[in-house]
Amino acid sequence: MVAFDTETTGLDFNDDRILTASIVHRTPGARPRTISWLLNPGRDIPDEAAAVHGWTNDRLHAHLDGAEALRITDRRTVAIPRDGALFEIASQCATALHVGAPLIVHNAAFDLSMLETELVRVGIDPLSARPSGIRGVVDPMVIEKQHDPYRKQCYKKAPDGAACDPETRTHVCGGCRGGKYRCGGCGSTDRTLTSLCAHYRIVHTGAHDAAADALASTRLALRLAEQWPEVARWKLGTLHRNQETWRREQQAGLASFFRKVGKSEEAVSVEASDGWPVQTSVARALGLAGAA
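A brief report on the enclosed structure follows. In this text the structure is predicted, and so the values were computed from the model without any measurement.

1. Considerations on the environment of Cys173
Then step 1. With respect to the helices and strands, the residue Cys173 is situated in the loop between helix 5 (140-147) and helix 6 (193-199).
Then step 2. Separated by 80 residues in sequence, Cys173 and Cys93 have C-alpha atoms that sit 40 Å apart.

2. A word on the pairing of strand 1 (residues 2-8)
Then step 1. Among the seven residues in strand 1, seven count as buried, and that is most of the element.
Then step 2. What you see with strand 1 is no split at all: Val2, Phe4, Thr6 and Thr8 on one side and Ala3, Asp5 and Glu7 on the other are buried throughout.
Then step 3. Relative to strand 2 (residues 18-25), strand 1 runs antiparallel, the two being bridged by seven bridges. Counterpart to Val2 in the pairing with strand 2 is His25.
Then step 4. Here strand 1 pairs with strand 6 (residues 103-104) via two bridges, running parallel. Across the sheet, Ala3 pairs through a bridge with Ile104, a residue of strand 6.

3. Details of helix 9 (residues 236-260)
Then step 1. Along its 25 residues, helix 9 runs 36 Å from first to last C-alpha, staying within 8% of the 36 Å computed at 1.5 Å per residue.
Then step 2. Buried residues of helix 9: Leu239, His240, Gln243, Trp246, Arg247, Gln250, Gln251, Ala255 and Phe258, and no others.
Then step 3. Of the residues flanking the end of helix 9, it is Gly262, one or two places downstream, whose phi is positive at about 90°.

Calculation rules
Residues numbered from 1 in each chain as written. Predicted model: local features only at pLDDT ≥ 70, side-chain atom pairs only at ≥ 80, totals over all residues. Heavy atoms only, no water. Helix = DSSP H or I, 4+ residues; strand = E, 2+ residues; numbered from the N terminus. Buried < 20%, exposed > 50% of the residue type's maximum accessible area, 1.4 Å probe, protein only. Pairing = 2+ DSSP bridges. Expected span 1.5 Å × (residues − 1).

Here it is as structure tokens:
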């Protein structure tokens with residue numbers, strides 16, 4: 001299997017850029033092989049993004065030392081053009097999709113949408129436009145939510161009556177206490193990769209480091225296949241199509257919840273985009289296949 005992950009300057013596909021990316025090749029009986037890239041985004045890194053992944057403007061420029069991008073393996077680090085880095089990242093993903101290897105991408109609707117946007121921006125064929133298209137993605141977040149949808153992750157009120165506020169990430173409750181998969185009280189309050197690794201007891205050596213996240217996502221995918229055996233029995237193409245359906249249903253439910261709590265229709269449309277593995281709004285804006 002092949003895993004892909006990015007860290008970016010933010011969440012806006014129009015304005016933000018990929019900052020780091022990693023591809024992890026995992027073959028049974030062999031050590032995982034990792035290729036990472038560090039890219040100059042051509043814009044300042046906001047403080048809120050740096051607080052998440054640790055890449056400040058000073059740290060970035062110190063590592064790049066004048067280069068547009070770096071390709072980093074366990075053997076050496078090579079300076080390359082930024083467009084060249086994006087081309088290599090896309091080629092690694094496209095090769096996995098072409099040969100039928102599972103492409104593991106946690107929250108694929110973000111990472112693959114960002115990659116497609118970057119590729120179109122610099123004139124490189126996006127994955128959607130290539131002969132194999134995007135057809136073999138495995139997204140642990142979508143799979144887990146489908147198979148344990150009612151697992152409570154955040155309890156609205158603590159015993160003393162204090163309330164949680166997920167929007168500000170204020171939690172006064174005990175968090176997750178186990179659903180169909182009994183975690184023993186992991187305390188997670190969302191379905192981020194870090195939280196799911198805690199819930200399923202997966203070793204995760206560095207949250208918000210693209211290489212560590214990609215490797216952790218492969219471990220999580222394998223654990224989900226053990227816990228929900230039907231996931232392992234389906235052919236890859238069938239699993240991909242099922243995830244498209246599941247994501248659409250999950251986002252429809254999210255949109256319904258947003259309306260119920262009084263969010264604006266604009267917020268509903270932004271936060272409950274139904275496209276997977278590339279967001280519909282992004283695909284439509286880029287003129288990609290399947291954007292209808």
